[in-house]
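Listed here are the chains, written in short residue letters.
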Amino acid sequence: MPRLSALDMPDVPMGQLPSHLEQQRTRVSCKSDAPLHTEGIQYSGSYASMAVDNSLRLDSFSKNFRVEVVRLTEDEIEFDMIGIDASLANAFRRILIAELPTMAIEKVLIANNTSVVQDEVLAQRLGLIPIEADPSLFEYVSENDAAHEKNTIVFKLDVRCKKDDGRVKVKSSELKWLPEGSELQMASTNPNPSTNPNAKPKTYTSFNCRQDSLPEFSNKPLRPKYGDVTIAVLGAGQAIDLEVHAVKGVGRTHAKWSPVATAWYRMLPEVALTQEVEDGKAEELVSKCPVKVFDIEDIGEGWKKAVVARPRACTLCRECIREKHWEECVDLRRVRDHFIFTIESTGALPPEVLFTEAVKILEEKCERIIAELS
Amino acid sequence: MAVREDDDTSKRIPSPMSMKSLAAPVKSAVDKYQLLPEFLKVRGLVKQHLDSFNYFINCEIKKIIHAKDNERIVSDINPKIYLKFLDIYVESPSVEEDHIREPLIPQRCRLSDTTYAAPVKVDIEYTRGNPIQTEIKKGHVIANMPIMLRSCRCVLYGMDDDELARLGECPLDPGGYFIVKGTEKVLMIQEQLSKNRIIIDTDKKGRVSASVTSSTHERKSKTVIVMEKERIYLQLNQFTKLIPIMVIMKAMGMESDQEVVQMVGRDPRYSGLLLPSIQECASERIYTQYQALEFLEKKVVKSRFTNQKVSPMTILDDVFLANVPVHEGDFYPKCIYVGVMLRRMLEAILNADTIDDKDYVGNKRLELSGQLISLLFEDLFKTMSSAAKKSIDEALTKASRSSSMDISLHLRKDWITHGLERAISTGNWDVKRFKMNRKGMTQVVSRLSFIAALGHMTRIQPQFEKSRKVSGPRALQPSQWGMLCPCDTPEGEACGLVKNLALMTHVTTDEEESPLITLCYSLGVEDMSLLSTEELHSLNSYLVMFNGLILGKHRQPQRFANGMRKLRRAGKIGEFVSVFVNEKQRCVYLASDGGRVCRPLVIADKGVSRIKEHHMKELRDGARVFDDFLREGLIEYLDVNEENNALIALYEGEADSNTTHIEIEPFTILGVCAGLIPYPHHNQSPRNTYQCAMGKQAMGNIAYNQLCRMDTLLYLLVYPQRPLLTTKSIELVGYDKLGAGQNATVAVMSYSGYDIEDAIVMNKSSLDRGFGRCIVMKKVSAVKQAYDRIIMPQMSSGKGGLDSHMQILDTDGIASPGEIVRPHDILINKQSATVSRDQLISHKVLPDSAYKFTPVKHKGTEGETTVVDRVALFTDKDQNMVIKFIIRHTRRPEVGDKFSSRHGQKGVCGTIVQQEDLPFSERGICPDLIMNPHGFPSRMTIGKMIELLGGKAGVSCGRFHYGSAFGEPSGHADRVEVISETLVRHGFSYSGKDFLYSGISGCPLQAYIFMGPIYYQKLKHMVLDKMHARARGPRMMLTRQPTEGRSRDGGLRLGEMERDCLIAYGASMLIFERLMISSDPFQAQVCRKCGLLGYYHDKLKTGFCSTCKSGENVSTMKLPYACKLLFQELHAMNIVPRLQLTEH
């Protein structure tokens, strides 16, 4: 190459980024030893010298932002969220895990437990059972609130194993909803009960009306989402008699209130062949990949070349670039603003609702900040 | 050619489907692993204890009563009156209640604090009545002997799992311990130097010595022959000084010096070394036996009790080399024995290599429960007999001889019963006969975890003191291979001294000697007594030693050894008889004594294994058991000495034509505790040792009956798991059924800075879901004495309703199970009578006023909510009611709790982080636990990394992976290559490193993170039990200083080094505040005149000096109370400290 004076070098094209910088800005490059450029470039003036504006603008965001649902089942959703920053995507994930309220069993009143499962362990197990109840219909219980029909769901579990039953598995379907509230009576604090014989005995809840008389529950009884969760196993002659109170809470306090089994995202994989990979090498490449990212394409005359057929399937096992020389032909990347988001719901709410709820919470938070700033 | 083929197959890397292909028959190298479970099935893990105890119960005990001295009790008054023991037998455990005997089960003993003991019955023949006639009485009970669990007398013997479960017993519990007064006690295996063997050694002064510790039923003695100043002497406790050895020889009748020289050997070097000794003897003018005995007479030590001297002849007969029997005054065997000792000693002088190694395992014997109990039993039996004799004599001297006396009634059974019970429960072994006085022989079975209990049964305690700073006995001995675990030893003081048995080790029991001796003679051993001294060491023959005795010599030692071995393999003689040809010493050693360690090995003929594939097939089909292999001579037991005659190949493929044996499985060189470690052969060795210690502290399941037991302290894990990466030992031992840990997804990365110094970061959601949750159960017990009463909870005075501390009481006045207990709550509403015993007897019913309230309260820390788990009531041996409570506390992990992986990598929980803050992988997996990568470089625990990989592969393909020690060649450990292939097949990186996103920023992390499941143990050390702080609190009575220690709510001491710092810093006011104001300030009255302490005079309202009898010069000053106390104590010992005060 002839020597060139710096002054004679061609000007950097203004208004657009050179390809390598563009790639740095929009892609995470996954090399065999470590990922490169993992953090996005946030500063709006990063590329000012090239007259490229790196600021985030609402209009361009709203123009480019897209959500595409890939898969939706009863308890799982996978969708693509395109054109958004990692911090925002992560905010949704964090809210889903820790801040979306659900109903979960918080109080367990044990009248009798002769099973081998200890009371505390039984209570912990009960707490983790997902309950099919829309949390938006309930209020949070605060420290000095009495339990009433708007903040508490009461279930009863009364099982016993008869002497000749062998072993009985207690499943979550045995939890029976008590729309009238607690049936257990408090130890009488009233010294002389004779004064008011007609007074209702005091229980652990003070419901004003039956829960099933409320319109929102009248045709949809409250129950655990899955009936096949094993709570305990009873041996002959053992019995469990207890009452549980489910209240509203968030996952940050305890994982039982988390509405998702987990929620996560991954950035869209992008696999590029920087060189033509042909024939034997192509076959080798195809066979290397355990998730079949590559395919072979006939380019006529018996020549074959490798093509990237299913980049989305890439799990980043890096098998294709394990050997040094392959790293020159295969480039594994992640698209920085394209998130494949998966939500696995525990069942209290359908997964698609969960996401919209999460958006609402984020919105609320933003509004609160704006309100506090102004 | 066949050998070559073997080679190929053994080096073959197992294919991914290796487990399936392993089960399939392999062409040439036979997979002998299956032998191991079969071996353990017949043997169990504590067979050494059981065998030893069974031997005692079945044989030894009979020998004891038939011994010459024990068999008869004859009255001194009337020798016609006697009692003779005909037979003795131990029955199965039972208890006598209201004269009805009913069988006893172990669980009942544990719960009701009784001893699991069985009656020992004797058949006796005795004289009775007037005129005297003999009578025979059968089944007379002379003792109640504690019975080892699962021994042949135990009710659990031979039971299957269902039957065991019905008796409340855990099927996985190995037995091998005793239950005495409700506590489980193991008799620790004791390690000692061989008895009755010649040991050549150099003593502290560098003198070469030959010593024999003789041990027979009647006597124990130690005979030492030393070389001092070129002369050879005998050292014996019964002689005041060193005795020239030639004198001893002459005293024993070997008067000719020539004979002695011949006996040692004709080599001129030996006779040269002997010359000074011979000269010395001559210079003393001792030539004949008579002269020698006369000489010895003067040197005999006076007896302490009788103050009389024993004749030297008796000493030579009984004490000197007591293990060599003397028949009718024939000292020839003893002379020859001395000759052999001398010869070996002189050899050691000429060639230092021949000095014996005391640490060599072949020179060690393990003393097991049977031997120890038999020692004790014989002693107690003798005491009982002599007590019986005394009382018979007493009865005979009394006038009332007309009443026909039943002398069987004089055999009191309490002697033996209490003696045994006391010894086992305290661990003090006092045997009067041998002046033996050992402490700490028994220990309470550690039930911290299942493995701890198992490890306890295989532990070997040393006999010598631990403080010695020598490295020899602590070092790993090459002869330990396969016998003792190279990893499992404690750290610190007892390091290397306390050992553990390996998985396949067996400890022998005594075997009948006389048939073996006869056999030896018929196999061509020339009897020693027929040989002249000259012939003894002739060049073409080897000496034959049997259990340390010289039998004679054999001209074809190899042929003789082969013959013996053939007989052993054919089952004609016991399988544990060892035959060892020592070429250096030109001896054939035969051993049938108890306490030798040995292990099974596959026999190979010229390198070809005797076990063929069809044998293994039959084994798999159940047509063959381990004992069949033994009986057919395919497998044999070798002890450490005989191993020296064998060439043992590790694998069949490595065998060549010289190979005589093949190992069954290499991982059996490890013990029970080290067997839990996956890939231990990839770890730095001390890490395995650390894990062996920590595995015993891990919480988990203790036994299947853990919830029915009443242990003082019990740690349980709520959700214990089976390790994803197992080993074959784990399956053999049963750790997969009673695990102590959980498989945690571990990310090896740095996070938050709260993970430095081995701390770990934990995921809060994992903890919410039950990771690391544990239950701590403590026992509280109380006895209701005869005049106590337990009453219904009272209403508190004034208001209705119960006293707040009585709410958990049931109507019977005892706290009921399931109730939440808070500190100071009353567990038993008990009252004790205040009146004296006489009044108690006179009054049937006492008034309420005679009772004082003595409740049993729950002591616990404030704010801790515990629950009454169980309440048990039973009657103790004094017919008092005992109430036991189990108080349960469930804990979730908190910052400061200790965790450890199985690779000696312990760490405390540094912080607990919300799940959303933790990194997550492409598949949404979030770690349960984050470990700092700095834990790896210096620890070099590669095994942990492979465990992570293997665990990850295991969860992805749904098969438990294996990591047995040295298991790669035999397919009992998955290779990293194969694991990596599995990982890749399931879309993971071959290196186990995942692409993770930060949970905080949402961006990918800048490195791939090594993440996967590792089995983590929660250790018993928890902050809750340790944290302590105090502002104010209790003080000591004497010094008025704050108490010490957490249990007494003590203060935190500002020690002398801390004080030094403050002095150096010049913080005098702080020192003043710490050492006086906050400790023990005291106002003292000091007389300025005499400088002594005065007192405050209440009437004069001033200080007053009692020495000066005035209050004029008295000042008040502050000083520490301890200082005042010191002054007063000095006064008391006539030292007057005077205080000189100056104005300030």
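Keep in mind the model is a prediction, meaning the values are calculated, not measured. (Residues numbered from 1 in each chain as written. Chains lettered and ligands numbered in written order. Predicted model: local features only at pLDDT ≥ 70, side-chain atom pairs only at ≥ 80, totals over all residues. Heavy atoms only, no water.)

1. Let's talk about the overall build of chain A
Quick note on the threshold: A run of H or I in DSSP counts as a helix once it spans at least four residues, and a run of E counts as a strand once it spans at least two, with each numbered from the N terminus. Radius of gyration: over C-alpha atoms. The globule rule applied is 2.2 Å multiplied by the number of residues raised to the 0.38 power. Only protein chains enter the area calculation, which uses a 1.4 Å probe; residues under 20% of their type maximum are buried, those over 50% are exposed, and those in between are partly exposed. Pairs of residues are marked as contacts when any of their non-hydrogen atoms sit within 4.5 Å. Shrake-Rupley sampling with a 1.4 Å probe provides the accessible areas, and residues are treated as covered by the protein chains on show and by no other component.
Each helix and strand counted, chain A has 7 helices and 16 strands in total. By the compact-globule yardstick of 21 Å for 374 residues, chain A is too spread out, its C-alpha radius of gyration being 30 Å. The buried share of chain A, taken over its 374 residues, is 44%. Within chain A, contacts between residues at least 6 apart in sequence are counted, and of these 75% link residues at least 24 apart. With an accessible surface of roughly 20,100 Å², chain A has 52% of that area assigned to carbon and sulfur atoms.

2. So, helix α14 (residues 414–426) of chain B
Along an α-helix, a turn takes 3.6 residues, which lines up residues three or four apart on a common side. All names here are of chain B. Operational definition: To estimate how far a helix should extend, the number of its residues minus one is multiplied by 1.5 Å.
Along its 13 residues, α14 runs 17 Å from first to last C-alpha, staying within 8% of the 18 Å computed at 1.5 Å per residue. Buried within α14 are the following residues: Ile 416, Thr 417, Gly 419, Leu 420, Glu 421, Ala 423, Ile 424 and Ser 425. Residues of α14 that are buried make contact with β6 (133–146), β7 (178–180), β8 (183–187), α13 (369–397), β16 (429–431) and β18 (442–444).

3. A few points about unusual backbone geometry
A positive phi angle, close to 50 degrees, is found at A:Asp279, a residue other than glycine. With respect to the element layout, A:Asp279 can be found in helix α6 (residues 279–288). Given the relative accessible area of 30%, A:Asp279 is considered partly exposed. We note that B:His824 has phi near 75 degrees; this positive angle belongs to a residue other than glycine.

4. Concerning the pattern of salt bridges
All names here are of chain B. Condition: By definition here, a salt bridge exists when the distance from a side-chain nitrogen of Lys or Arg to a carboxyl oxygen of Asp or Glu is within 4 Å.
Scanning the model with the defined rule gives 84 salt bridges over all chains in all. Here Glu 184 makes a salt bridge to Arg 709, at a shortest N to O gap of 2.9 Å. On the criterion of sequence distance, the pair formed by Glu 184 in strand β8 and Arg 709 in the loop between α22 (685–695) and β32 (713–717) is long-range, its members being 525 residues apart. Just as Glu 184 is buried, Arg 709 falls in that class too. We note a salt bridge from Glu 228 to Arg 207, for which the minimum N-O separation is 2.2 Å. Taken together, the positions of Glu 228 in strand β12 (residues 220–228) and Arg 207 in the loop between β10 (198–202) and β11 (208–215) put the pair 21 residues apart, joining distant regions of the chain.

5. Let's talk about the environment of B:Pro244
Residue and element names in this part refer to chain B. Along the chain, the position of Pro 244 falls in strand β14 (residues 243–244). Under the relative-accessibility criterion, Pro 244 is labelled buried at 4%. In this structure, Pro 244 is in contact with Ile 232, Tyr 233, Glu 280 and Phe 295, ignoring residues within four places of it in sequence.

6. Remarks on the packing of α13(B) against α14(B)
Residues and elements named next belong to chain B. Here is the rule: The axes are straight lines fitted to the C-alpha atoms, using for helices just the contacting stretch, and the angles between their N-to-C directions are given from 0 to 180°. The sense of a crossing depends on the near helix, which, turned anticlockwise from the far helix by less than a right angle, makes the crossing left-handed and, turned clockwise, makes it right-handed. Any residue that is not Ala, Val, Leu, Ile, Met, Phe, Trp, Tyr, Cys, Pro, Asp, Glu, Lys or Arg is counted as polar, Gly included; the first ten are nonpolar and the last four charged.
It is the contact of α13 with α14, at a shortest axis distance of 9 Å, that shows an interaxial angle of 145 degrees. Viewed along their axes, α13 and α14 form a crossing whose handedness is right-handed. On the side of α13, the interface is formed by Ile 373, Leu 376, Phe 377, Leu 380, Phe 381, Thr 383, Met 384 and Ala 387, while α14 contributes Trp 415, Ile 416, Gly 419, Leu 420, Ala 423 and Ile 424. Looking at side-chain class alone, the contact of α13 with α14 contains 12 nonpolar, 2 polar and no charged residues.

7. A look at a negative patch on the surface
How we decide: Here a patch means residues that are over 30% exposed by relative accessible area and free of salt bridges, tied together within 9 Å if like-charged and within 5 Å if nonpolar (Val, Leu, Ile, Met, Phe, Trp, Tyr). As used throughout, the charge tally considers Lys and Arg to be positive and Asp and Glu to be negative, leaving His and the chain termini uncounted. In this description, the location of a charge corresponds to atom NZ of lysine, CZ of arginine, CG of aspartate or CD of glutamate.
A cluster of like negative charges, contributed by B:Asp160, B:Asp161, B:Asp162 and B:Glu163, occupies part of the molecular surface. Tracing the backbone through its elements, the reader meets B:Asp162 in helix α6 (residues 161–166).

8. A short note on the nonpolar core
As a reminder, the rule being used: Only buried Ala, Val, Leu, Ile, Met, Phe, Trp, Tyr and Cys residues count toward a nonpolar core, and they belong to the same one when joined by side-chain atoms within 4.5 Å.
Residues A:Leu126, A:Ile153, B:Leu35, B:Ile451 and B:Ile635 are the most contacted members of the largest nonpolar core, which totals 87 residues. Apart from the residues lying within four places of it in its own chain, the contact partners of B:Ile635 are B:Leu35, B:Pro600, B:Leu601, B:Val602, B:Ile603, B:Ile611, B:Phe626, B:Phe629, B:Leu630 and B:Ile664.

9. Some words on the interface of chain A and chain B
The cut-off we apply is this: Note on terms: buried area is the combined drop in 1.4 Å-probe accessible area of two parts once they are placed together, counting the loss on both. N or O atoms closer than or at 3.5 Å make up a polar contact, with two conditions inside protein: a donor-capable atom paired with an acceptor-capable one, and, for residues adjacent in sequence, both atoms drawn from side chains.
Taken together, the 44 residues of chain A in the interface contact 48 residues of chain B. With both sides pooled, the region where chain A packs onto chain B buries about 3,700 Å², and carbon together with sulfur makes up 51% of that total. At the junction of chain A with chain B, the criterion picks out 3 salt bridges. We note a salt bridge from B:Arg888 to A:Glu120, for which the minimum N-O separation is 2.2 Å. Seen at the junction of chain A and chain B, the total is 26 residue pairs in polar contact (both at pLDDT 80 or more). Elements with a contribution of two residues or more to the side of chain A that touches chain B: β1 (27–30), α3 (86–98), α4 (119–127) and β13 (260–273) of chain A. Counting residues per element, the side of chain A that touches chain B draws most heavily on α3(A), at 7 residues. For the side of chain A that touches chain B, the per-class residue count stands at 19 nonpolar, 11 polar and 14 charged.

10. What about the sheet that holds strand β25 (residues 578–582) of chain B?
All names here are of chain B. Our working rule: Pairing between strands is defined by DSSP: at least two bridges between them are needed.
Overall, mixed pairing links the 5 strands, which are arranged β22-β24-β23-β26-β25 in an open sheet. Both outer strands of the open sheet, β22 (526–527) and β25, are each paired with one neighbouring strand and no more. Across the sheet, helix α16 (residues 514–522) lies against β22, β23 (542–546), β24 (549–554) and β26 (587–591), angled at about 20 degrees from β24, the strand it touches most. Sitting on the sheet, helix α18 (residues 557–569) is in contact with β23, β24, β25 and β26, with an inclination near 165 degrees to β25.

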